[in-house]
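Take a look at the letters that make up each chain.
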Amino acid sequence: MFIYSGCGTNTQKSEAKNEAAKENVISEELHQAHCDLLSKANEELAGINQKVRDLNDKIRTKGGKLTDAQNSALDDFSQKQASINKRMHEIKNVKQEDRENFKTTFEKDLEEIKTLIDNISKEF
């Protein structure tokens, strides 16, 4: 007696192919999301870096000493900038399930650093 149990094999192969296709689509979407966030970050940081150069020019032109509050604000700015730079290198390693949280936090920090440099610049 011969029992053919291969009926489920085609179904299993089909399911495996569908699962692989879904993972591929998610992988492509995640890659694109990483690229988009990195592009946005580079654009934002280019603007922030220009503001820093402008501030340095103002400080040189004005001369004099910075106040304690200005030094503190610049220290805070430097720390946030270092954190953002570090996380930029982590963007490509963010998993799908962590992507939205990472993006939200990262974009919030970019906004905070822009506000910091704008506020420091206003004082000059």
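Residues numbered from 1 in each chain as written. Predicted model: local features only at pLDDT ≥ 70, side-chain atom pairs only at ≥ 80, totals over all residues. Heavy atoms only, no water.

S.K.: For the overall build of the protein chain, give the residues involved together with the corresponding values.
M.R.: The number of helices and strands found in the protein chain is 3 helices and 0 strands. Reading the protein chain from its N end, one meets helices and strands in the order α-α-α. Counting every position in the protein chain, which comprises 124 residues, the buried fraction comes to 23%. The contacts of the protein chain with a sequence gap of at least 6 include a subset with a gap of at least 24, amounting to 82%. If you sum the accessible surface of the protein chain, you get close to 9,100 Å²; carbon and sulfur atoms cover 50% of it. (Helix = DSSP H or I, 4+ residues; strand = E, 2+ residues; numbered from the N terminus. Buried < 20%, exposed > 50% of the residue type's maximum accessible area, 1.4 Å probe, protein only. Contact = heavy atoms within 4.5 Å. Areas by Shrake-Rupley, 256 points an atom, 1.4 Å probe, with all protein chains shown as cover.)

S.K.: Requested: an account of the pattern of salt bridges, with residues and values cited.
M.R.: What the rule picks out here adds up to 9 salt bridges. Taking the shortest distance from any N to any O, the salt bridge between E107 and K40 comes out at 3.2 Å. With E107 in helix α3 (residues 99-122) and K40 in helix α1 (residues 7-62), this residue pair connects regions lying 67 residues apart in the sequence. Ionic contacts of the salt-bridge type, sharing partners, join the residues E44, E111 and K114 into one network. (Salt bridge = Lys/Arg side-chain N within 4 Å of Asp/Glu carboxyl O.)

S.K.: Tell me about the packing of helix α2 (residues 68-88) against α3, and please be specific about residues and values.
M.R.: Two elements in contact, α2 and α3, have axes separated by 10 Å at closest approach and are oriented at 150 degrees. Classified by the angle between their axes, α2 and α3 sit roughly antiparallel to one another. The handedness of the crossing between α2 and α3 is left-handed. Residues A73, L74, D76, F77, K80, Q81, I84, R87 and M88 of α2 touch α3, and the partners they reach there are F102, T105, F106, D109, L110, E112, I113, L116, I117 and I120. Residues of the contact of α2 with α3, tallied by class, amount to 12 nonpolar, 2 polar and 5 charged. (Axes fitted to C-alpha atoms, helices over the stretch in contact; angles between N-to-C directions. Parallel < 35°, antiparallel > 145°, perpendicular 65-115°, else oblique. Left-handed = near helix turned anticlockwise from the far one by under 90°. Nonpolar A, V, L, I, M, F, W, Y, C, P; charged D, E, K, R; others polar.)

S.K.: So what about the confidence of the model for the protein chain? Which residues, and what values?
M.R.: Counting all residues, the mean pLDDT for the protein chain is 81, and 78% of those residues have values of 70 or more. At the level of individual helices and strands, the protein chain shows its lowest average pLDDT in α1, which scores 77, and its highest in α3, which scores 91. A low-confidence stretch, residues 1-7 stays under pLDDT 50, and its non-local contacts, those more than four residues away or across chains, total 0 contacts. (pLDDT = per-residue confidence, 0-100.)

S.K.: So what's going on with the nonpolar core? Residues and values would help.
M.R.: Formed by 19 residues in total, the largest nonpolar core has its most connected members in F77, I84 and F106. Of all the secondary structure elements, the ones that give two or more residues to this core are α1, α2 and α3. When near neighbours in sequence (up to four residues on either side) are disregarded, F106 contacts L37, A41, I84, R87, M88 and I91. (Core = buried A, V, L, I, M, F, W, Y, C linked by side-chain atoms within 4.5 Å.)

S.K.: Describe in detail the packing of aromatic side chains, supporting the description with residues and values.
M.R.: Counted under the stated rule, the structure contains 1 aromatic pair. Aromatic side chains F102 and F106 sit 5.8 Å apart centroid to centroid with 10 degrees between the ring planes, which places their arrangement in the stacked category. Remark: F106 and F102 occur in helix α3; sequence separation between them is 4 residues, near one turn of the helix. (Phe/Tyr/Trp six-rings, centres within 6.5 Å; stacked < 30°, edge-to-face > 60°.)

S.K.: Please give an account of the side chain of K114 that cites residues and values.
M.R.: Structurally, K114 can be placed in helix α3. For K114, a relative accessible area of 19% puts it in the buried group. A polar contact of 3.1 Å, which involves the side chain of K114, links it to the side chain of E111. Ignoring anything within four residues of it in the chain, the contact list for K114 reads E44 and I48. (Polar contact = N/O pair within 3.5 Å; in protein donor to acceptor, adjacent residues only side chain to side chain.)

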